[in-house]
Amino acid sequence: MSTFVDSEPLQGCWYPVARADEVHDKPHAVRLLGEDLVIWRDATDALVVAPDRCPHREAPLSIGSLEGGVLSCAYHGWAFGADGKCVSIPSSGPDATIPPAAHLGCRKVDEKYGLIWVCPGEPTMAIPEIGQEADPAFRRINTPVEAWTTSTPRLVDNFMDFSHFPWVHTGTFGGAQDPYVPKIDLEQLDDEFFGYRYEVEASNPDEAVAVSGSEEDTVHRVMTTGFSLPFVVRSTIRYDDGLEHILLLLSTPVDDLNSLFTFVVWRNDDHSTDPDEIIAFDRAIGAEDKAMLEQVPGTLDLSRTGVANVQSDKPSVEWRRRFAELIGFSE
Ligand code: FES
Ligand SMILES: [Fe+2]
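Residues numbered from 1 in each chain as written. Chains lettered and ligands numbered in written order. Predicted model: local features only at pLDDT ≥ 70, side-chain atom pairs only at ≥ 80, totals over all residues.

S.K.: Teacher, can you tell me more about the nonpolar core here?
M.R.: Where a protein is soluble and globular, its nonpolar side chains tend to be buried together. Membership of the largest hydrophobic core comes to 57 residues, with the highest contact counts inside it found for Ile 39, Val 118 and Leu 248. A domain split of this core shows at least three residues from each of domain 1 (8–119) and domain 2 (131–326). Contact partners of Leu 248, with chain neighbours within four places excluded, come to Tyr 113, Ile 130, Val 232, Arg 234, Phe 263 and Val 264. Phe 173, Ala 202, Ala 208 and Ile 285 belong to the second largest nonpolar core, which has six residues in total. (Core = buried A, V, L, I, M, F, W, Y, C linked by C-beta atoms within 7 Å. Buried ≥ 20, exposed ≤ 12 C-beta atoms within 10 Å, placed from the backbone. Domains from an automatic or database assignment. Contact = placed C-beta atoms within 7 Å.)

S.K.: Explain the domain arrangement of the protein here, please?
M.R.: It is common to give the size of an interface as the accessible area lost on bringing the parts into contact. Each assigned domain of the protein is listed here: domain 1 (8–119) and domain 2 (131–326). Here the C-alpha centre of domain 2 lies 33 Å away from the C-alpha centre of domain 1. Each side of the interface is counted separately: domain 1 has 15 residues, and domain 2 has 15 residues. For the side of domain 1 that touches domain 2, the secondary structure elements donating two or more residues are strand 1 (15–19) and strand 2 (28–32). (Helix = DSSP H or I, 4+ residues; strand = E, 2+ residues; numbered from the N terminus.)

S.K.: What is the right way to read the sheet that holds strand 8 (residues 86–88) from this model?
M.R.: Hydrogen bonds between backbone atoms are what pair the strands of a sheet, whose relative direction is either parallel or antiparallel. With respect to topology, four strands assemble into an open sheet ordered 5-6-7-8, the strand pairing being antiparallel. Unpaired on one side and paired on the other, strand 5 (65–67) and strand 8 mark the two borders of the sheet. Judged from the three bridges that link them, strand 5 and strand 6 (residues 70–72) form a sheet pairing that is antiparallel. Residue pairing across strands places Leu 66 opposite Leu 71, the latter belonging to strand 6. (Pairing = 2+ DSSP bridges.)

S.K.: Which parts of the structure should I look at to understand helix 4 (residues 275–293)?
M.R.: Residues spaced three or four apart along an α-helix face the same direction, because each turn holds 3.6 residues. Between its first and last C-alpha, helix 4 extends 27 Å over 19 residues, near the 27 Å set by a 1.5 Å rise per residue. Along helix 4, the sharpest kink reaches roughly 30 degrees, centred on Phe 281. By the burial criterion, the buried members of helix 4 are Ile 279, Asp 282, Ile 285, Gly 286 and Asp 289. At its buried positions, helix 4 is contacted by strand 11 (139–142), helix 1 (152–159), helix 2 (165–168), helix 3 (209–212), strand 17 (244–255) and strand 18 (258–267). (Expected span 1.5 Å × (residues − 1). Bend = angle between axes of the 7 residues up to and from the residue.)

S.K.: Any chance you could explain unusual backbone geometry here in plain terms?
M.R.: Glycine aside, a negative phi is what most residues show, and trans is what most peptide bonds show. The omega angle of the peptide bond from Leu 229 to Pro 230 is 0 degrees, so this bond is cis rather than trans. Within the secondary structure, Pro 230 is located in the loop between strand 15 (218–228) and strand 16 (232–239). Despite not being glycine, Asp 83 has its phi angle at roughly 55 degrees, a positive value. Within the secondary structure, Asp 83 is located in the loop between strand 7 (79–80) and strand 8. Even without a glycine there, the phi angle at Tyr 113 is positive, about 55 degrees. Within the secondary structure, Tyr 113 is located in the loop between strand 9 (108–112) and strand 10 (115–119).

S.K.: For this particular structure, what's the right way to read the sheet that holds strand 2?
M.R.: Spatially, the three strands line up as an open sheet ordered 2-3-4, and their pairing is antiparallel. Sheet topology places strand 2 and strand 4 (47–51) at the edges, where each strand pairs with a single neighbour. When strand polarity is set aside, the average angle formed by the axes of neighbouring strands in this sheet is 30 degrees. Bridge analysis of strand 2 against strand 3 (residues 35–41) gives five bridges, and the strand direction is antiparallel. Opposite His 28, over in strand 3, you have Ile 39 as the bridge partner. (Axes fitted to C-alpha atoms, helices over the stretch in contact; angles between N-to-C directions.)

S.K.: Help me out: how do you make sense of the environment of Ala 287 in this one?
M.R.: Relative to the elements of secondary structure, Ala 287 occurs in helix 4. When the 13 C-beta atoms within 10 Å are taken as the criterion, Ala 287 is described as partly exposed. In the structure, Ala 287 is positioned 206 residues away from Gly 81 in sequence and 39 Å away in space, judged by C-alpha atoms.

S.K.: What is the right way to look at the environment of Leu 260 in this model?
M.R.: Note that Leu 260 resides in strand 18. C-alpha of Leu 260 to C-alpha of Thr 150: the two residues are 110 residues apart in sequence and 9.1 Å apart in space. When sequence neighbours within four positions are dropped, the list of residues in contact with Leu 260 reads Val 17, Val 145, Glu 146, Ala 147, Thr 252 and Val 254.

Given below as structure tokens:
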């Protein structure tokens, strides 16, 4: 199995492709499931997402210029406004009829959790609900959208796996963790997420004090980790003093072998600590995952026998099984 991005069912899912605050006065180029897209905001600030290909002679629209919410192609100046409608063809003069083929075929777009989400086809699933978004006790912290040179199934497999913590995360929280993984029971955690509950003694180095709120050498964490198909993983952490830290780990397939990754944090702390300090520790953890995953070639084999599995792989194997079913993969 070397390709999954062409699978039809993935066209009906939502993918975070950029931070909402990084798209304003310039066209923004992204690649999603092997397709180049351009994103901009029209005159009313509504997002427009269309193929990054001018219908005239196929110049990338993302190198065009944006003025008053109208995007002009750099090649012959055709201009596109709300809903990707072509509003001007300079060579035809102001009174000419605009041919229907000049309009752009737009993709569905939504703004949620500080991110721009795109659905390339007709949506068949919703963006997962995170209840803490509407809870005033929690604040949300966004992080940069990064390009990772790894396949998206490998990212999700990694986020569902905790047997790598004492090996990959030695520089952050994993050093104190027993490598032995007790039997894992999987369950439906809530309406959206399927996964497991567990407890860990996590290392609590100086850099983690801002995030854990504790000065002890190790902290006790009650955690859940679960997935929502196709690629969303949520990890919840509750410390003994009631502090909760929700992490939404978002992986987007650029193509079969490349991904975008970002995470969003919700916390019920007193909101006094600088957000950059809070996310610095999680970003260091992410950098450890990135360094490992970028060494692993190819995409994850979806067949049952393609890779060896043991009991601690149960959560990621279950994600892989459901993902394979979603995309209609057959061995
Ligand atoms: S290629 Fe865009 S206007 Fe000609
Ligand atoms: Fe990790």
